[in-house]
Number of protein chains: 2
Amino acid sequence: MEIAAYFEDFTKRDWQSDPEGTLDVAVVGLGNWALNHALPAISEAAHCELTTVVTSNEHAGQEVAREYGIDHVLNYEEYSDGVANSVYDSVYVVTPNGTHLEYVQTAARNQKAVLCEKPLEATTSRAEELVGVCDRHDVPLMVAYRMQVDPAVRRARELIRDGLIGDPVHVYGNNSVQLLEDFPDADQWRLNPDLVGYGVSVSDIGIYPVNTTRFLLERDPRFVQASAVSPTDVFQDVPDERCSFLVEFEDGIQSAFTSSQNAYSESHLTVVGTKGTVELSPAFHLETELTIQRGGTETSTSFEWINEMVEEFEYFADHVLSGRSIGPDGRHGLVDMYTLEAIYDSIEQGRRVEI
Amino acid sequence: MEIAAYFEDFTKRDWQSDPEGTLDVAVVGLGNWALNHALPAISEAAHCELTTVVTSNEHAGQEVAREYGIDHVLNYEEYSDGVANSVYDSVYVVTPNGTHLEYVQTAARNQKAVLCEKPLEATTSRAEELVGVCDRHDVPLMVAYRMQVDPAVRRARELIRDGLIGDPVHVYGNNSVQLLEDFPDADQWRLNPDLVGYGVSVSDIGIYPVNTTRFLLERDPRFVQASAVSPTDVFQDVPDERCSFLVEFEDGIQSAFTSSQNAYSESHLTVVGTKGTVELSPAFHLETELTIQRGGTETSTSFEWINEMVEEFEYFADHVLSGRSIGPDGRHGLVDMYTLEAIYDSIEQGRRVEI
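Per chain, residues are indexed from 1 in the order of the written sequence. Ligands are numbered from 1 and chains lettered from A, in the order in which they are written. The predicted nature of this model means local features are confined to residues of pLDDT at least 70 and side-chain atom pairs, given and counted, to a pLDDT of 80 or more, with totals for whole chains, interfaces and linings taken over all residues. The side-chain quantities take in all heavy atoms of the structure and omit both hydrogens and water.

Overview of the overall build of chain A
Thought 1: Starting at the N terminus, helices and strands are each numbered in turn, a helix being any DSSP run of H or I of at least four residues and a strand any DSSP run of E of at least two. Scanning chain A from N- to C-terminus turns up 11 helices and 15 strands.
Thought 2: For chain A, the C-alpha radius of gyration of 20 Å lies close to 20 Å, the compact-globule estimate for 355 residues.
Thought 3: Over its C-alpha atoms, taken along the principal directions, chain A stretches across nearly 60 × 50 × 40 Å.
Thought 4: Counting across all 355 residues of chain A, residues that qualify as buried make up 62%.
Thought 5: Contacts are assigned to residue pairs that have any heavy atoms within 4.5 Å of one another. For chain A, long-range pairs separated by at least 24 residues make up 69% of all intrachain contacts whose partners lie at least 6 apart in sequence. The atom set for the radius of gyration is the C-alpha atoms, and the globule formula is 2.2 Å times the number of residues raised to the power 0.38. Working definition: with a 1.4 Å probe on protein chains only, accessible area under 20% of the residue-type maximum means buried, over 50% means exposed, and in between means partly exposed.

Below, the structure written as structure tokens:
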């Protein structure tokens, strides 16, 4: 099969069932990601309707209510008490990592479908509880790995699955951002170990190359090795202002990544196979450019911009409404949590850690 | 200073003194690299003259003699005995890694300047002997790291030195080749531990990102971690058909690389700083494209093709003839040997190894 064929119908939603109805969504947490990315995406998604926001910031909540024409602005206590819970069918949890569990517990008790931001929680034990409560209440749980609905990433997976780059051999890449330029506040939750989890750069952004590689290769991590430092004062409570880490996947596929929360914003992922390469560059910052190399030739494909967040909410609504099982589910998210814990163990112990 | 200024005089040889005279060169070893890359480069280099080749393959030697119009084709015994040693001033050693020492010993005893292929030898102890013999006989020793004379790499180093990408934070990249497509022979020296050294992919090609990073950052490696597998039968005697490895440089700069001798031919190196990035892609396969990102803008610079091998021989001749000290010298090459040994120790022991 020719590479070009994979791109003929590039923007198609290969997962779409187009069910009847609309999923009413409550957004729990009104930080930057919710305000600037999630809320606009929900508005745009055909099968989603925002009905409710949950926030401790009454003022921000009222502004959102005006802008999006919704009637329900809850504080966390009201949310926990089930106020207005008849006006939403699902909950998008976009609060600091270490607080996901309690908001998901409430949602599960109230029989709401859950879309939870990544990583699932601050620690593996809390993440296991989170997955467990959704299982017990039999509610759908999706982990918000938006890369998995990016059309470029999905076409790349098809290419790899069909053997167009031969057998995958290794993967390398980077994800770096300027946390303090984006959020100039030393007291932010990402710098607080209780809220962020084992560390900052790998759990928040280094997880992108890991999870995207899992998705592209359809294989899970086996071993990790990692090294990290936090030379800057405001990062002193987290081990990994900057980190380099190795992840060995099933079949001995090697990967090597770097991540930093205090470096120029850049993202890259290349899968090297025996017969070609797949490169995503930029990769993870809501903009993806795909380049395929094979047989000495290069096919670079810049696509029209696809809003991954719209894709994510459409996917979530589509699957909840049609009752189909969801792609990045709780068990999938737990594997990332075990990988993160292993990476931070390796940073501390300076040795190879099995997952 | 503007980025563009670094490229105004891109191809300039910032090291050139243009001395009088010509350096007569003996090439020791007539493998693929000598035949296809070194001999043509020596012909082209203004200050070099090929006078002698040393080979166990009389037929190949005579062909080279005809093609390049030289009179002296020696076998290894004749070379060792000093036959015709008045017709060359310098020796380029391009034999299997584990044989460099004896040919350099001969050269040093005969007061010849030495350009030795990388890595210096198969093991650190033999490499130390090699450097020691050149020291004792007071002959110039250059290690053939051609990336260090690539104009793109040199301009990139200036940019980084002048702070145009801020403080370097981390580096990532890859070097992979299809060894068995390039040389379809299971008995080749690169697959023989006695001749190649600790392993195959890192010592032969993974050393490129390590050494180029050393040059670009002007800092040395401190710690390594590595993981490797050899799933293919012909690679069973070497540990690293494919490898992923971390190198922590001075100032806590993290790096993460992959290398393979049995994957699609690809090479990449990106330095991520606090204010920008420097990317070489392709990086190491005799062709280099440099891209600078800074302040949200990208400057991509494809240059006219520069033959790094010509640059290398010109540099070597220039410095030997003018008596100036040489850039990648023996001590520089030894640091790479210590790094290689540490990487292979880490592969075996699954732990962080100090260099």
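More follows now that the structure is in view.
Here we look at the domain arrangement of chain A
It is common to report an interface's size as the accessible area lost on association of the parts.
All names here are of chain A.
Thought 1: Source of the domain bounds: an automatic or database domain assignment. Domain annotation of chain A identifies domain 1 (13–146) and domain 2 (151–305 + 327–354).
Thought 2: Each of domain 1 and domain 2 was reduced to a C-alpha centroid, and the two centroids are 25 Å apart.
Thought 3: Across the boundary between the two partners, domain 1 contributes 25 residues, which contact 29 residues of domain 2.
Thought 4: Summed over both partners, the accessible surface that disappears when two parts come together, traced with a 1.4 Å probe, is what is meant by buried area. Overall, the association of domain 1 and domain 2 removes approximately 2,300 Å² of surface from exposure, summing both partners, and the carbon and sulfur fraction of that is 60%.

Regarding helix H11 (residues 330–349) of chain B
Three- or four-residue spacings in an α-helix give side chains the same orientation, since the helix completes a turn every 3.6 residues.
Residue and element names in this part refer to chain B.
Thought 1: Helix span is expected to be 1.5 Å times the residue number reduced by one. With 20 residues, H11 extends 28 Å from end C-alpha to end C-alpha; this agrees with the ideal 28 Å at 1.5 Å per step.
Thought 2: Counting buried positions along H11 gives 14 out of 20 residues, so the element sits mostly inside the fold.
Thought 3: Distance and chemistry together define a polar contact, namely a pair of N or O atoms within 3.5 Å, with one atom able to donate a hydrogen and the other to accept it when in protein, and with adjacent residues in sequence counting only for side-chain atoms on both sides. In this structure aspartate 329 caps H11, since a side-chain oxygen of it lies 3.3 Å from the backbone nitrogen of arginine 331.
Thought 4: Immediately downstream of H11, the backbone of glycine 350 shows phi near 60 degrees, a positive value.

Overview of the sheet that holds strand E8 (residues 221–229) of chain B
Residues and elements named next belong to chain B.
Thought 1: What makes two strands pair is DSSP finding at least two bridges between them. Sheet architecture is open: 9 strands sit in the order E14-E13-E12-E11-E7-E10-E9-E8-E15, paired in mixed fashion. Looking along the sheet, the strands with just one partner apiece sit at the ends: strand E14 (297–301) and strand E15 (353–354).
Thought 2: Pairing analysis gives 8 bridges linking strand E9 (residues 242–249) to strand E10 (residues 253–260), with the strands arranged antiparallel. Each residue of the ladder has a partner; that of serine 244, found in E10, is threonine 258.
Thought 3: Interaxial angles span 0 to 180 degrees and are taken between N-to-C directions of axes, which are lines fitted to C-alpha atoms, for helices over the stretch in contact. Contacts between H11 and the sheet are confined to E8, E9 and E15, with E8 contributing the most and set at about 45 degrees to the helix.

Some points on the UniProt feature "domain: GFO/IDH/MocA-like oxidoreductase" (unreviewed entry) in chain A
Thought 1: UniProt positions are given in the numbering used here, feature names are shortened, and annotations may be inferred rather than shown by experiment. The UniProt entry lists residues 153–279 of chain A under the feature "domain: GFO/IDH/MocA-like oxidoreductase" (unreviewed entry), expressed in the numbering used here.
Thought 2: With 27% helix and 41% strand, residues 153–279 of chain A has its two end C-alpha atoms placed 10 Å apart.

A word on the relation of the copies chain A and chain B
Thought 1: Here chain A sits on chain B after a turn of 180 degrees about the axis and a move of 0.0 Å along it, with an RMSD of 0.0 Å. Overall, the copies show the geometry of a two-fold rotation axis. Using C-alpha coordinates, one finds that chain A approaches the rotation axis most closely at A:Arg351, a distance of 2.0 Å.
Thought 2: Mapped onto chain B, 100% of the interface residues of chain A again fall at the interface, so both copies present the same surface. Here the copies are superposed with least squares, the fitted atoms being C-alpha atoms of residues at a pLDDT of at least 70 in both.

Notes on the packing of helix H9 (residues 201–217) of chain B against H11(B)
Residue and element names in this part refer to chain B.
Thought 1: At a minimum axis distance of 10 Å, the contact between H9 and H11 shows a crossing angle of 125 degrees. The angle between H9 and H11 places the two elements in the oblique class. Note that H9 runs across H11; the crossing there is right-handed. Across the interface between the two elements, Ser201, Val202, Ser203, Ile207, Val210, Asn211 and Arg214 from H9 touch His332, Val335, Asp336, Thr339, Leu340, Ile343 and Tyr344 from H11.
Thought 2: Under the convention adopted here, Pro, Cys and the residues Ala, Val, Leu, Ile, Met, Phe, Trp and Tyr are nonpolar, Asp, Glu, Lys and Arg are charged, and Gly plus all remaining residues are polar. For the contact of H9 with H11, the per-class residue count stands at 7 nonpolar, 5 polar and 2 charged. Should an angle fall under 35 degrees it is called roughly parallel, over 145 degrees roughly antiparallel, and 65 to 115 degrees roughly perpendicular, with every other angle called oblique. A crossing counts as left-handed when the near helix is turned anticlockwise from the far one by less than a right angle, and as right-handed when that turn is clockwise.

Some details on empty space enclosed by the protein
Thought 1: Grid points spaced at 1 Å and placed over the protein atoms alone form the basis of the search, with a cavity being a set where a 1.4 Å probe fits but cannot get out and a pocket an open set showing protein on both sides within 12 Å along at least five of seven lines. Lining residues have an atom within 4 Å of a point. Grid points are joined across faces, edges and corners, and a volume is the space filled by probe spheres set on the points. Tallied over the entire structure, the rule returns 2 cavities of 30 Å³ or more.
Thought 2: If you add up the space inside the largest cavity, you get close to 40 Å³.
Thought 3: Looking at the largest cavity, the residues that line it are A:Ser227, B:Phe223, B:Val224, B:Gln225, B:Leu246, B:Val247, B:Glu248, B:Gln254 and B:Arg352.
Thought 4: Elements with a minimum of two residues in the lining of the largest cavity: E8 and E9 of chain B.
Thought 5: Here the lining of the largest cavity is composed, by residue class, of 4 nonpolar, 3 polar and 2 charged.

Points about the sheet that holds strand E12 (residues 276–280) of chain A
Note: strands within a sheet are paired through backbone hydrogen bonds, in either parallel or antiparallel orientation.
Residue and element names in this part refer to chain A.
Thought 1: Spatial ordering of the open sheet is given by E14-E13-E12-E11-E7-E10-E9-E8-E15, a layout of 9 strands whose pairing is mixed. Since the sheet does not close on itself, it has two edges, and those belong to strand E14 (297–301) and strand E15 (353–354), each with one partner.
Thought 2: Relative to E12, strand E11 (residues 262–273) runs antiparallel, the two being bridged by 4 bridges. Paired with threonine 270 across the two strands is glutamate 279, which belongs to E12.

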